[in-house]
Amino acid sequence: MDLSPTFARHFSRLVSLLIHDAASVDEQKMALRAALAVNKDGAVSLELRGSELRAGDEPIPSVLAGVGDLVERMAANAVTRMHFDKGTSAADMLGTARLLARAVAAGDGGAGLRGALAEMASGSVRVEPEAVASEPEAIAEVPPEPEPLPLQEPEAEPVAQEDAVDALSGAALVTPPGGIEVQDASGVISEARPDPTPSRVTTEIAGLVAEDGGGMFMHFSAANAISDSPESIFERLDRVHGSGEATKLLDDLATLAENAAREGKPVVVADIYHGIVVREAALPEGDIKRAYVLAIRRMAKPTLLRSVAMLLPRRRERLEDYVAVLMRTGEDGADALIEQLTQAQTSEDRRVFFDVLLRLQSGVDALVHMLGDARWFVARNAADLLGEMRAAEAEGPLTELLRHPDDRVRRSATNALMQLSTETALRAIYDAIRDPAPEVRMQAAAAVAARKDGVTASTLIQAIEEEEDGDVQLAMLAALGKVATRDAVDRLVKAAEPERGLFKRKTTAFRIAAVNALAEAKTPAARAALKALESDKDKEVRDTVARVMQFIGRA
């Protein structure tokens, strides 16, 4: 089985996180671990064909998280193919991802990336530039994996590749003097270069290892293993009377939740999280409650909250329990929910995530940030959510979004601004009535129709006179019917009247739209105009008038 597609998804996410969210250490670790786990079973290759990323012979959808970023960086570095030998070390894989995440100098042509990979001197990661993209024989065969040399110190226990992400030691990153053999984090011996000074690449990777006080890649030792089940720990926790013992048991539960997240057991994570949140809410103020608060703060990590959020559409019977967890964690919980919403595959799942997010009334900052996302559908979804939440603080960014190049995004921004109901938002929507895209003009007309005032009526009347698109004109007539001011009705009466003179410019569809709008207005002047049209020469107009008059009579 070709492992490349699975590897591509995890490696793309790692590169994307390093570009956009360098502080998300836990997520980077998860992505790196997943990529290493796949690569452990075989060599993998990624290829760029135009703007499409392919893994083996399978195209990788650009909508998957991080794929667009990896495509962009491969193209910027003039790389058409990347190959990772089986069992590539964590240091080499992380180093390659870091190199791709760096900004590319103008006119570099990928020389910086290839030079930096040469500095790493691992040989397990190879790239093929554009210049040789048409020569398949250049990487047609992957050289056989060399047998590991015997360890210099037999008593030393080699570190498993699965744990290499948590055990990147200085020896794996910095070349010692004299060119002696060094054991890297995967347990493989390689001949180091004699340069006693750490290269720029190794220093950069070491900097990532040193983040967060040096604890980012802390080794998970056997000492951290917990034999008790969550249920037994909760039973003991319910009986404690001192904050010290409560803290110890809560730490054990947090560790079990973290282990469950790594093992892909979201139900265990959610049950532990909910058990802690429920007990914390029931406690009186005091030292034990403070221990719970600290535990919840420790567990407010993307990896754990993602496990809770992803269960919302899957376990509807526990939905309220999981909502309680996300509410308790505030913005962090909302961020995890937004991530699931943007990645949901079905409309039913999106509806569940959407409804819960509205209940949380959190995550506005994250949604505002998403408005600037290069993917049009992400920006559109964020605009829709901010409108539903009536987030007044998003008024400025939503107004800026009216200049977005994609009209689908501008439509959503228009609708969101109307739901804010502020004067600034309304002025922006009036401007959108003259948007270059007909669909946006129609959306803007529909949005302002809720405002029954003279400014709205005059704006729509002027827009109708200037409008050349027939469908947009019909939408504006419908909007005038909802505004229903005196000026609006007068313009609708004029629109519904038969054309006079030799040359007719009004279409039957235009007149029928005006008739329907008059019926919507329901003012005395509108009723009188409809009565006068009952004997119109155009049969379609007469039939429409008869139908709407029956409707008005029943209303």
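Our subject is the structure that appears above.
Residues numbered from 1 in each chain as written. Predicted model: local features only at pLDDT ≥ 70, side-chain atom pairs only at ≥ 80, totals over all residues. Heavy atoms only, no water.

**Regarding the overall build of the protein chain**
Part 1 of the argument: Within the protein chain one finds 27 helices and seven strands.
Part 2 of the argument: Within the protein chain, buried positions represent 46% of all 555 residues.
Part 3 of the argument: Of the contacts formed within the protein chain by residues at least 6 apart in sequence, a portion of 65% connects residues at least 24 apart.
Part 4 of the argument: In the structure as shown, the protein chain presents an accessible area of about 27,100 Å², 52% of it carried by carbon and sulfur atoms. (Helix = DSSP H or I, 4+ residues; strand = E, 2+ residues; numbered from the N terminus. Buried < 20%, exposed > 50% of the residue type's maximum accessible area, 1.4 Å probe, protein only. Contact = heavy atoms within 4.5 Å. Areas by Shrake-Rupley, 256 points an atom, 1.4 Å probe, with all protein chains shown as cover.)

**Considering the packing of helix α22 (residues 454-466) against helix α23 (residues 470-483)**
Part 1 of the argument: α23 packs onto α22 with a crossing angle of 160 degrees between their chain directions and a minimal axis gap of 10 Å. In terms of their interaxial angle, α22 and α23 are classed as roughly antiparallel. Viewed along their axes, α22 and α23 form a crossing whose handedness is left-handed. Between α22 and α23, the residues in contact are Thr456, Ala457, Leu460, Ile461, Ala463 and Ile464 and Gln473, Met476, Leu477, Ala479, Leu480 and Val483, respectively.
Part 2 of the argument: Class assignment for the residues of the contact of α22 with α23 results in 10 nonpolar, two polar and no charged. (Axes fitted to C-alpha atoms, helices over the stretch in contact; angles between N-to-C directions. Parallel < 35°, antiparallel > 145°, perpendicular 65-115°, else oblique. Left-handed = near helix turned anticlockwise from the far one by under 90°. Nonpolar A, V, L, I, M, F, W, Y, C, P; charged D, E, K, R; others polar.)

**Here's the deal with the pattern of salt bridges**
Part 1 of the argument: Applying the stated criterion to the full structure yields 34 salt bridges.
Part 2 of the argument: Of the charged contacts in the structure, one is a salt bridge between Glu317 and Arg315, with a shortest N-O distance of 3.6 Å.
Part 3 of the argument: Arg316 is the partner of Glu348 in a salt bridge, and the nearest nitrogen-oxygen pair spans 3.2 Å. Of this pair, Glu348 sits in helix α15 (residues 347-360) while Arg316 sits in the loop between α12 (302-309) and α13 (319-328), placing them 32 residues apart in sequence.
Part 4 of the argument: Overall, the relative accessible area of 51% leaves Glu348 in the exposed class.
Part 5 of the argument: In this structure Arg316 comes out as partly exposed when scored by relative accessible area, which is 41%. (Salt bridge = Lys/Arg side-chain N within 4 Å of Asp/Glu carboxyl O.)

**Examining the sheet that holds strand β5 (residues 125-129)**
Part 1 of the argument: Strand order in the open sheet made by the five strands is β3-β2-β1-β4-β5, with antiparallel pairing throughout. Sheet topology places β3 (58-59) and β5 at the edges, where each strand pairs with a single neighbour.
Part 2 of the argument: The pairing of strand β1 (residues 44-49) with strand β4 (residues 79-84) spans four bridges and is antiparallel. What sits directly across from Leu46, in β4, is Met82.
Part 3 of the argument: Against the sheet, helix α3 (residues 67-76) engages β1, β2 (52-55) and β4, with an angle of about 75 degrees to β1.
Part 4 of the argument: Contacts between helix α4 (residues 90-101) and the sheet are confined to β4 and β5, with β4 contributing the most and set at about 165 degrees to the helix. (Pairing = 2+ DSSP bridges.)

**Description of helix α11 (residues 287-299)**
Part 1 of the argument: The first and last C-alpha atoms of α11 sit 19 Å apart over 13 residues, in line with the 18 Å expected at 1.5 Å per residue.
Part 2 of the argument: Burial in α11 covers these residues: Lys289, Ala291, Tyr292, Ala295, Ile296 and Met299. Buried residues of α11, seen end-on, are gathered within an arc of 155 degrees and therefore sit on one face of the element. In α11, the exposed positions that point more than 90 degrees away from the buried face belong to Leu294 and Arg297.
Part 3 of the argument: Turning to α11, the residues buried within the fold contact α8 (230-237), α9 (243-262), α10 (266-282), α12 and α13. (Expected span 1.5 Å × (residues − 1). Arc of directions from axis to C-beta.)

**Digging into the packing of aromatic side chains**
Part 1 of the argument: According to the stated counting rule, one finds four aromatic pairs in the structure shown.
Part 2 of the argument: Measuring from centroid to centroid gives 5.5 Å for Phe7 and Phe11, while their planes differ by 10 degrees, and the two rings are stacked. Here Phe7 and its partner Phe11 are both found in helix α1 (residues 4-20), four residues apart, which amounts to about one turn of the helix.
Part 3 of the argument: For Phe11, a relative accessible area of 0% puts it in the buried group.
Part 4 of the argument: Ring geometry for Trp376 against Phe377: centres 5.9 Å apart, planes inclined by 90 degrees, an arrangement best described as edge-to-face.
Part 5 of the argument: Taken together, Phe7, Phe11 and Phe84 form an aromatic cluster joined through their ring pairs. (Phe/Tyr/Trp six-rings, centres within 6.5 Å; stacked < 30°, edge-to-face > 60°.)

**What about the nonpolar core?**
Part 1 of the argument: Ranked by size, the top nonpolar core spans 117 residues in total, and within it Leu237, Tyr273, Ile276, Leu312, Leu367, Leu398 and Leu460 carry the most contacts.
Part 2 of the argument: Beyond its immediate stretch of four places on either side in the chain, Leu312 contacts Leu319, Tyr322, Val323, Leu326, Leu337, Val352, Phe353 and Val356. (Core = buried A, V, L, I, M, F, W, Y, C linked by side-chain atoms within 4.5 Å.)

**Structural notes on a negative patch on the surface**
Part 1 of the argument: A grouping of Glu331, Asp332, Asp335, Asp365 and Glu393 is seen on the molecular surface, where their side chains present a negatively charged patch.
Part 2 of the argument: Topologically, Asp365 is positioned in helix α16 (residues 364-370). (Patch = residues over 30% accessible without salt bridge, like charges linked within 9 Å, V, L, I, M, F, W, Y side chains within 5 Å. Lys, Arg positive; Asp, Glu negative; His and termini not counted. Charge placed at Lys NZ, Arg CZ, Asp CG, Glu CD.)

**Quick notes on the pairing of β2**
Part 1 of the argument: The pairing of β1 with β2 spans four bridges and is antiparallel. Across the sheet, residue Arg49 finds its bridge partner in β2, namely Glu52.
Part 2 of the argument: Between β1 and β2, which pair antiparallel in sequence order, lie two residues; one of them, Gly50, sits at a positive phi of approximately 65 degrees.
Part 3 of the argument: Of the pairings in the sheet, the one linking β2 to β3 comprises two bridges and is antiparallel in character.

**Description of the pairing of β4**
Part 1 of the argument: The buried count for β4 comes to five of six residues, which makes it a mostly enclosed element.
Part 2 of the argument: Taken together, the five bridges between β4 and β5 define a ladder with antiparallel strand orientation. Bridge pairing in β5 links Phe84 to Val125.

**Some words on the environment of Ser45**
Part 1 of the argument: Within the fold, Ser45 resides in strand β1.
Part 2 of the argument: The class for Ser45 is buried, based on a relative accessible area of 13%.
Part 3 of the argument: Separated by 38 residues in sequence, Ser45 and Phe7 have C-alpha atoms that sit 8.9 Å apart.
Part 4 of the argument: Once residues within four sequence positions are removed from consideration, Ser45 is found in contact with Ser4, Arg54, Ala55, Gly56, Arg81, Met82 and His83.

**What to know about the environment of Pro61**
Part 1 of the argument: Looking at the secondary structure, you find Pro61 in the loop between β3 and α3.
Part 2 of the argument: Distance from Pro61 to Arg9, taken between C-alpha atoms, is 9.4 Å for residues 52 residues apart in sequence.

**Observations concerning unusual backbone geometry**
Part 1 of the argument: Phi is positive for Arg390, which is not a glycine, with a value near 50 degrees.
Part 2 of the argument: A residue is classified by how much of its surface remains accessible, and Arg390, at 52% relative accessible area, is exposed.
Part 3 of the argument: Here Lys522, not a glycine, exhibits a phi torsion of approximately 60 degrees, which is positive.
Part 4 of the argument: By relative accessible area, which is 33% here, Lys522 ends up partly exposed.

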